[in-house]
Amino acid sequence: MIAPMHWFFPKMALATMIWNPALTFMNPVAPLFTLSNEKINIQPPTRRLSTFANISRKKTTTFKYSSKNNDDLSAAAKERRDEERRRKDRINDVVVGRTSAIPDAKNYEINPSATEKDFFALASDVEREVNLQTDKGLRCLKLLQLEQAREAFDRVYELKPRAYLWQMGVVLFYLNDVYAAAECFAKNAEIYENKFFESASEERIWRDACELKLLSKLSKRDIRKRSEAEGLYSKSLSPEIPPLAEAEVGKEMRKVVRIARDLFDASVSGDNYRVILSRAKLRAICSGPSGKMNRMDPKKWKLNSWYYLGLHYDALGEVEESKKCMKNALKFSGGGNSDDITDCLPLIHMARRDWFDDDEMEDYEDSEEQVSVMVDSIKDSLDKMTIDALKEALKKKGLHSTGSKPILQQRLFKDFLENVVSVDEI
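It should be emphasised that the depicted structure is a prediction, and the values quoted were computed from it without experimental measurement. (Residues numbered from 1 in each chain as written. Predicted model: local features only at pLDDT ≥ 70, side-chain atom pairs only at ≥ 80, totals over all residues. Heavy atoms only, no water.)

A few points about the overall build of the chain
To keep things clear, this is the line we draw: A helix here means a DSSP run of H or I that spans at least four residues, while a strand means a run of E at least two residues long, and both kinds are numbered starting from the N terminus. Think of it in three bands: residues with accessible area under 20% of the maximum for their type are buried, residues over 50% are exposed, and the middle band is partly exposed, with areas taken using a 1.4 Å probe on protein chains only. What makes two residues a contact is simply this: any of their non-hydrogen atoms within 4.5 Å. Note that accessible areas follow from Shrake-Rupley with a 1.4 Å probe, and for residues the cover is restricted to the protein chains shown.
Summing up its helical and strand segments, the chain has 19 helices and two strands in all. Burial status across the chain gives 37% buried among its 426 residues. Nonlocal contacts in the chain, meaning residues at least 24 apart in sequence, comprise 59% of its contacts between residues at least 6 apart. For the chain, the exposed area adds up to about 26,400 Å²; of that, 53% sits on carbon and sulfur atoms.

Here's what the structure looks like:
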């Protein structure tokens, strides 16, 4: 029970007490009330706290820098003050997305729809037709309408013979016009590299896939005659792309694409050692590190790894292995529901090869350690190699190439373990 105030203060002795804001600022919980001969008025707590907050906020916001306290500022405070001044000085100079940083240049707002509209307004009839036919061809390709896509892309090349359109090669490849596809990829690789001074890795991969596809269709007799007459892999069956020095264009920074290119290049050149190693690296990427959400694929490493593995097996004529890889690639592709054409490739491949069946998709154990996956892949590749291929791989590594097939396999496997099998190699 709280005693009434008049128990403690005689009425004749009461005087008026006025609230002092400064006192409240120093002691915000002090009781605030007004006393008079007639009555006692106590200020509600909520009002007291809000009054105190207003005083504190007012003191903070009204503080200004002056010449008197400049010397007392820290270096960070001085820098914030100077930056604020600079922002005010240049506030009307450049507006990101609306004005150009180049003096007297025409300003274009960052608006794709408006930009496309301006392009069509200024473009010639030929440019507009090329753009429309390109879009039509890409739509048809995603819808698996390859003949219509080919017609649209042919129209593009009629209007613009030097158009950069590598997707035309994909259409030709899946229409089984492999040589024409190789020509298209070689042409687009040359255009890209001459224009951007970067390696056209995808075009080179696809061109090598066409070369391997043509080689896989040769009979053993034709391959033997060709080897005896010209030397093994001395002449291509499809148009070649001039080699580029890495010093001129730089190293391919996309890991999966770099390994896939090495896989196809090694296959064309007959380097079985590099083929085994590159295949093992891609297979390890498909598995991913253990203990993580490996079904997630934000960088599309697993999608591309499975697809390039499947494309490589397909080019070699190994149908069952290719089908397994493509089915796994399809899991990461989202069923082809993407604006990116590369996401649609597994679906296109499966549809054109008629691999959609009632067989259950073989799942893979993506919680395996990457090194273990590499080892298993190497073992599997060595088991499939002929004794002549094993001897050739050992000779290239400077190792003895005599003995039975199991001895040769063990010798080559030991070299892999000692020199290249590690996660750092991936």
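Next comes the rest of the description.
Quick look at the packing of aromatic side chains
A ring pair, where both rings are aromatic, is described by two values, the distance of the centres and the angle of the planes. The condition that has to hold: Centres within 6.5 Å make a pair out of two Phe, Tyr or Trp rings, where for Trp the six-membered ring is used; the pair is then stacked when the planes are under 30 degrees apart, edge-to-face when over 60, and tilted otherwise. Two limits define a charge over a ring: the Lys NZ or Arg CZ must be within 6 Å of the ring centre, and within 35 degrees of the ring normal.
Here the structure, examined in full by the defined rule, presents eight aromatic pairs. An angle of 90° between the planes, with centres 5.2 Å apart, marks the rings of Phe-173 and Tyr-174 as edge-to-face. When the centroid spacing of 5.5 Å and the interplanar angle of 20° are considered together, the rings of Phe-185 and Trp-206 count as stacked. A residue pair is termed long-range when its members are at least 10 positions apart, and Phe-185 in helix H8 (residues 178-196) and Trp-206 in helix H9 (residues 201-216) qualify at 21 residues. Of the two residues examined, Phe-185 and Trp-206, each falls in the buried class. Lying over the aromatic face of Tyr-273, Lys-397 brings its terminal NZ or CZ to 4.4 Å of the ring centre.

Overview of H8
Inclusion rule: Under the convention used throughout, the expected extent of a helix is 1.5 Å for every residue step, that is, one less than its residue count.
Taking 1.5 Å per residue as the helical rise, H8 with its 19 residues ought to reach 27 Å, and the 27 Å between its terminal C-alpha atoms agrees with that figure. Within H8, burial applies to Val-178, Ala-180, Ala-181, Ala-182, Cys-184, Phe-185, Ala-186, Asn-188, Ala-189, Ile-191, Tyr-192 and Glu-193. Those residues of H8 hidden inside the fold are in contact with helix H6 (146-159), helix H7 (167-174) and H9. Phi turns positive, to about 55°, at Phe-197, one or two residues after H8.

Looking at the nonpolar core
This is how it is decided: Joining through side-chain atoms within 4.5 Å is the link that ties buried Ala, Val, Leu, Ile, Met, Phe, Trp, Tyr and Cys residues into a set, and such a set is a nonpolar core.
With 61 residues, the main nonpolar core has Tyr-174, Trp-206, Tyr-307, Tyr-308 and Leu-311 as its most contacted residues. Leaving out residues up to four positions away in the same chain, Tyr-308 has contacts with Glu-202, Ile-205, Val-256, Ala-260 and Phe-264. Grouped together as the second largest cluster of nonpolar side chains are 18 residues, Tyr-273, Leu-382, Met-385 and Leu-408 included.

Looking at the pattern of salt bridges
What counts here: A carboxyl oxygen of Asp or Glu within 4 Å of a side-chain nitrogen of Lys or Arg is what we treat as a salt bridge.
For the structure on display, the rule yields 23 salt bridges. When the shortest N-O distance is used, the salt bridge between Arg-274 and Asp-262 registers 2.3 Å. Taken as a pair, Arg-274 in helix H13 (residues 272-287) and Asp-262 in helix H12 (residues 255-269) lie far apart in primary sequence, twelve residues in all. Judged by its relative accessible area of 24%, Arg-274 falls in the partly exposed class.

Points about unusual backbone geometry
Despite not being glycine, Lys-300 has its phi angle at roughly 65°, a positive value. Looking at the secondary structure, you find Lys-300 in the loop between H13 and helix H14 (301-316). In this structure, Asp-354 is a non-glycine residue whose phi angle is positive, near 55°. Along the chain, Asp-354 turns up in the loop between helix H16 (341-352) and helix H17 (370-384).

Some details on the environment of Leu-175
As for its placement among the helices and strands, Leu-175 is situated in the loop between H7 and H8. Taking relative accessible area as the criterion, Leu-175 reaches 17% and is therefore assigned buried. Setting aside chain neighbours within four positions, we find Leu-175 in contact with Leu-146, Glu-147, Arg-150 and Arg-352.

What to know about the packing of H13 against helix H19 (residues 405-419)
To keep things clear, this is the line we draw: To obtain each axis, a line is fitted to C-alpha atoms, and for helices this fit is confined to the stretch in contact; angles are then taken between N-to-C directions over 0 to 180 degrees. Roughly parallel means an angle under 35 degrees; roughly antiparallel means over 145; roughly perpendicular covers 65 to 115; every other angle is labelled oblique. By convention, the crossing between two helices is left-handed when the near helix turns anticlockwise from the far helix through less than a right angle, and right-handed when the turn is clockwise.
Contact pair H13 / H19: the axes reach a minimum separation of 12 Å and the direction vectors enclose 55°. It follows that H13 is oblique to H19 by the angle criterion. The way H13 lies across H19 gives a crossing that is right-handed. Taken together, the residues of H19 that come into contact with H13 (itself represented by Tyr-273, Ile-276 and Leu-277) are Leu-412, Asp-415 and Phe-416.

What to know about the packing of H12 against H13
How we decide: Here the term charged refers only to Asp, Glu, Lys and Arg, the term nonpolar to Ala, Val, Leu, Ile, Met, Phe, Trp, Tyr, Cys and Pro, and the term polar to all other amino acids, Gly among them.
The contact between H12 and H13 brings their axes to 8 Å, and the two run at 150°. The angle between H12 and H13 places the two elements in the roughly antiparallel class. Along this stretch, H12 crosses H13, giving a crossing that reads as left-handed. Along the contact surface, H12 presents Lys-255, Val-256, Ile-259, Ala-260, Asp-262, Leu-263, Asp-265, Ala-266, Ser-267 and Ser-269, while H13 presents Arg-274, Val-275, Ser-278, Arg-279, Lys-281, Leu-282 and Ile-285. Looking at the contact of H12 with H13 residue by residue, the classes come out as eight nonpolar, three polar and six charged.

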